[in-house]
Amino acid sequence: MHVIAYDARGHGRSGYTTVAGDYEKTALAGDLLGLMDALGLPRASIYGTSMGATTALLLALAHPERVERLVVRSPSPFGDDMSLARRALGGLALSYQLLGVSVTSRLAAMMPGTGDPVRTRALLRDQRRAAIVPALRGFLSAPLGTQHLDEIVAPTLVLTHRGDPVHPLRSGDILYDRMPDVTG
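It should be emphasised that the depicted structure is a prediction, and the values quoted were computed from it without experimental measurement.

We now examine the packing of aromatic side chains. Per the counting criterion, the structure on display carries 0 aromatic pairs. One Lys or Arg, Lys25, reaches over the ring of Phe139 and ends 4.8 Å from the middle of that ring.

What follows is about the pattern of salt bridges. Under the definition given, this model contains 4 salt bridges. For Arg9, the salt bridge is made with Asp31, and the minimal N-O distance between the two is 2.6 Å. Of this pair, Arg9 sits in the segment before α1 (25–38) while Asp31 sits in helix α1, placing them 22 residues apart in sequence. One salt bridge in this structure joins Arg66 and Asp37, with 2.9 Å as the shortest N-O distance.

Considered for burial, the residues of helix α6 (residues 169–178) that qualify are Ser171, Gly172, Ile174 and Leu175. The buried residues of α6 all sit within an arc of 155° when viewed along its axis, so they share a single face.

The subject of this paragraph is the sheet that holds strand β3 (residues 156–159). Sheet architecture is open: 4 strands sit in the order β1-β2-β3-β4, paired in parallel fashion. Single-partner strands in this sheet number two, and they are β1 (44–49) and β4 (182–183). In terms of strand pairing, β1 meets strand β2 (residues 67–73) through 6 bridges, oriented parallel. Of the residues in β2, the one forming a bridge with Thr49 is Arg73.

Let's shift gears to the packing of helix α3 (residues 82–110) against helix α4 (residues 117–125). Their axes nearest at 7 Å, the elements α3 and α4 cross at an angle of 145°. Seen from above, α3 lies across α4 with left-handed handedness. Each of Leu92, Tyr96, Val101, Ser105, Arg106, Ala108 and Ala109 in α3 lies in contact with α4, whose residues at this interface are Pro117, Thr120, Arg121, Leu124 and Arg125. Tallied by class, residues from the contact of α3 with α4 come to 7 nonpolar, 2 polar and 3 charged.

Take the packing of α3 against helix α5 (residues 129–139) next. Close contact between α3 and α5 brings their axes to 9 Å; oriented N to C, the two are set at 160°. In terms of orientation, α3 and α5 fall into the roughly antiparallel class. The handedness of the crossing between α3 and α5 is left-handed. On α5, the residues touching Met82, Leu89, Leu92, Ala93, Leu94, Tyr96, Gln97, Leu98, Leu99, Gly100 and Val101 of α3 are Arg129, Ile132, Val133, Leu136, Arg137 and Phe139.

What counts and how
Residues numbered from 1 in each chain as written. Predicted model: local features only at pLDDT ≥ 70, side-chain atom pairs only at ≥ 80, totals over all residues. Heavy atoms only, no water. Phe/Tyr/Trp six-rings, centres within 6.5 Å; stacked < 30°, edge-to-face > 60°. Lys NZ or Arg CZ within 6 Å of the ring centre and 35° of its normal. Salt bridge = Lys/Arg side-chain N within 4 Å of Asp/Glu carboxyl O. Helix = DSSP H or I, 4+ residues; strand = E, 2+ residues; numbered from the N terminus. Buried < 20%, exposed > 50% of the residue type's maximum accessible area, 1.4 Å probe, protein only. Arc of directions from axis to C-beta. Pairing = 2+ DSSP bridges. Axes fitted to C-alpha atoms, helices over the stretch in contact; angles between N-to-C directions. Left-handed = near helix turned anticlockwise from the far one by under 90°. Contact = heavy atoms within 4.5 Å. Nonpolar A, V, L, I, M, F, W, Y, C, P; charged D, E, K, R; others polar. Parallel < 35°, antiparallel > 145°, perpendicular 65-115°, else oblique.

Written as structure tokens, this is what we have:
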């Protein structure tokens, strides 16, 4: 197996813009398709976590011929469940904007329910304020709809866990109930 990992727009060392609309879900799926084209990959198995899970699902919907199989981990919320994510991630974006990366990473790591504080702090500290604020806001712009999930034909493994308000267990249940070839 040949594994290729990339940083989505605004993450890691990838380029970024300051326009929230550039981080909408379809733009990120377009970036993934562009990467596959640039690498000459006619078809691939796609793994994505959180925003990356949404990117993978949208790619599988728009270009089913390009997706051999999917692994979606901690899928993003659907519908009404997005309100909890909006509160948590909207607050995180505001903190980045007003307090900067260092203070935000320290404060967020102290919050209950964020998991391992050392890992959380490292993850949040490695962000660039100019990139992460529009990325978070763009991601929160609209939840992924459920109406076309039954059209995803790629065999899919869904991985979820309890106790994550940003990635509710119910998201995995929705995928499991609506997609034709899913295990979890």
